[in-house]
Every structure is written in C-alpha cells, then in structure tokens.
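What follows is each chain in one-letter form.
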Amino acid sequence: MAEAIDIRELNERIAQQSAFVTNLTTGMNQVIVGQRHLVDTLLIALLSDGHILLEGVPGLAKTLAIKTLSQLIDAKFNRVQFTPDLLPADVVGTMVYSQKEEKFQVKQGPVFANFVLADEINRAPAKVQSALLEAMQEKQVTIGSQTFELPKPFLVMATQNPIEQEGTYPLPEAQMDRFMMKVIVDYPTIEEERLIVRENLAGSLPEVKPVTTSSEIMSARSVVREVYIDEKIERYVADIVFATRYPDRYGLKELKDMIAFGGSPRASICLAKAARAYAFVKRRGYVVPEDVRAVAHDVLRHRIGLTYEAEATNVTSEEIVSKIINKVEVP
C-alpha cells in the first residue's frame, strides 16, 4: 500500500513537472511539421541526459529541430559544421599566446555550451570526432594541462547523412556507443509536405520564445530519476540486450551468424534511462514494458555490429532488434 501511495504522489509530481514538456512540444510543432517521433526522441534525450544522433537525407529539418529546441530553452547553443579540414582544436578549443600577458591562455571552443549541434558529424575525420568523446562521456574538456567542466545541462545533438554518400567517414564504434540514441529521420507524408511548402512560401518561420530554463530541465531530470522501474522490467531490459550478444540462448539461432557484436552494458543503461524518460513524457510514474519496446530501436540500432553475412543478405540491425523484441518474453 505504501508503494501505491508513493506512485500516486510521484504521478502528481510528474504531472506538475511535465507541464513544460507540453510547452516544448507545442513550440516544436509551431516550427516543425510532422516528425512526431523526432520531437519525442529529442525530449527523451534531454530528460535522460543522453546525446542523440539523427540520420537522414538532407532537408528533413534535422538541424531546424535541434535549433528550435535550444531556442525554446533559455540556454547557450553552439553549432559546429563538421568538414574534412576541421581540427580538434576547432571543436574543444586551444592554447593561444597572449603578447599582452606574455603567456599562453586558454581559448575555449564551441563545445562549451549547453547544446552543441555537431552538423554532419560524419564529414570530419576520426580525430575530430574523437575530440568530442571526452566531452560526451566525462562532461569535461582537457586543453593543454587544464581540465574544464562543461555547463549543465550538456547535450550533443549530431546529424549525419547516410553513409552511402560520398566524402563521409563512418563514425567509430566507440563514438557511436556514446550516443544514447540514433534516430532515423524519414520523409514527411504527402499532406505534411504540402503544409511545409505552403508555410515556406508564406514567408519566414514562426518566432519561438524560450518556454523553460536550464534549471527547470535539471529539476525535471531529478524527477525522471525517481520514476519507478520494477525488477521484472530491469530483467526485461537485460534480456533484450543479452539477446543481442547471445541470440541462440533466446531461441534466435538464425541471428547468431548475423551479429558480429551485441550491445555493451551502456546499451542496458541507456535502454532503462530512455524508458524512464518515455514514461515521464507519457505522464507516468512507473515504467511498463511498452516504454522499453517504444525506445528499443532508437537505443539499440547503432550498437549491433553486423557480419558480412548479414550485409550480404541485406539484414539490417533494425530487423534484428524487431526479431529480438518479438521473441524475448515480456514480463
């Protein structure tokens, strides 16, 4: 009974805290037509302190969505356009000699912001991508001999064009694993497309004003951390991730030769965190199996390595995740 009261009280607190979720969604919908899933996943990443990678062909409002979200939150936003000639110092900063002071001074790079948009991240070589690794995982940056804390909240939102396009560098596995979610952005429906054309012909996009602050986001995150996850759900999350590593244990023998490597423990952590945030967005104080299933594709699609056999038979990580979700027993 005590637990039931706790859940009820938590539900009330979530109802109060999540008012800004409605404001953010409304603000996003003023500018972005359709792309409901994109808006939801951006909110989940924001609430669960995870970085997000958006993949899709140019012109699908990936950059616009991220820019709009940062305008709706009263926080510092920086955009870095990744190009083949970009250097790590252009992202994190460098030491600059000051003649006036007669010593080296630290010049901080664009990574020192609450929201960092890494646009077309796969256009830059690996050393530039890896410059983001420390920032993304440890939330700090080392320049010379000094280490600097990054502001809170700190969120890297990266966009990439599908790898088939020329002049791109595939992201290394370690970099991929740092992203909590990889979201595939798809084309709008024909009605949405007509609306997009009409709005753009009419002139400028609507102005959005900040509807929330960084401190409000931080306090919402602490409520998200209180969302109740039952032991059965924890086991369900672990089972899904284990099935990516040892599919034969879960009666998925046909996937054994398709998977080169499965999700790491970080995959389990991200899956649980994202399910929690999803429950919060849905105004619930506890996680149900549907929450886990709703975020599983976005959390796992970039964490499963495919064998040559899988690529030869055109099996995608998407299909593997779907098979695992359909097979693993739901609590």
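Residues numbered from 1 in each chain as written. Predicted model: local features only at pLDDT ≥ 70, side-chain atom pairs only at ≥ 80, totals over all residues. Heavy atoms only, no water.

K.L.:
Tell me about the overall build of the protein chain, residues and numbers included.
P.N.:
The secondary structure content of the protein chain amounts to 14 helices and 13 strands. Projecting the C-alpha coordinates of the protein chain onto the three principal axes gives extents of approximately 70 × 50 × 50 Å. Evaluated residue by residue, the protein chain yields a buried proportion of 47% over its 331 residues. Considering only contacts within the protein chain whose residues lie at least 6 apart along the sequence, 78% involve residues at least 24 apart. A distance of 2 Å separates the average location of the 38 positive side-chain charges in the protein chain from that of its 44 negative side-chain charges. (Helix = DSSP H or I, 4+ residues; strand = E, 2+ residues; numbered from the N terminus. Buried < 20%, exposed > 50% of the residue type's maximum accessible area, 1.4 Å probe, protein only. Contact = heavy atoms within 4.5 Å. Lys, Arg positive; Asp, Glu negative; His and termini not counted. Charge placed at Lys NZ, Arg CZ, Asp CG, Glu CD.)

K.L.:
Tell me about the packing of helix α3 (residues 36–47) against helix α4 (residues 62–72), and name the residues and values.
P.N.:
With their axes 11 Å apart at the nearest point, α3 and α4 run at an angle of 50° to one another. Looking at the two axes, α3 sits oblique to α4. The two elements α3 and α4 meet at a crossing, and its hand is right-handed. Seen from α3, the contacting residues are Leu-38, Leu-42 and Leu-46; seen from α4, they are Ala-65, Ile-66 and Leu-69. Of the residues assigned to the contact of α3 with α4, the class counts are six nonpolar, no polar and no charged. (Axes fitted to C-alpha atoms, helices over the stretch in contact; angles between N-to-C directions. Parallel < 35°, antiparallel > 145°, perpendicular 65-115°, else oblique. Left-handed = near helix turned anticlockwise from the far one by under 90°. Nonpolar A, V, L, I, M, F, W, Y, C, P; charged D, E, K, R; others polar.)

K.L.:
Could you give me a rundown of the pattern of salt bridges, with the residues and numbers involved?
P.N.:
On inspection of all chains with the given rule, the structure shows 12 salt bridges. For the salt bridge of Asp-40 with Arg-36, the shortest nitrogen-to-oxygen distance reads 3.1 Å. Here Arg-36 and Asp-40 lie together in helix α3, a separation of four residues that amounts to about one turn. Residue classification places Arg-36 among the partly exposed residues on the basis of a relative accessible area of 45%. The partner of Arg-303 in a salt bridge is Asp-177, with the nearest N and O atoms 2.8 Å apart. In this pair, Arg-303 is assigned in the loop between α12 (289–300) and β13 (305–306) and Asp-177 in helix α7 (residues 173–178), connecting sequence segments 126 residues apart. (Salt bridge = Lys/Arg side-chain N within 4 Å of Asp/Glu carboxyl O.)

In short, geometric facts, not functional conclusions.
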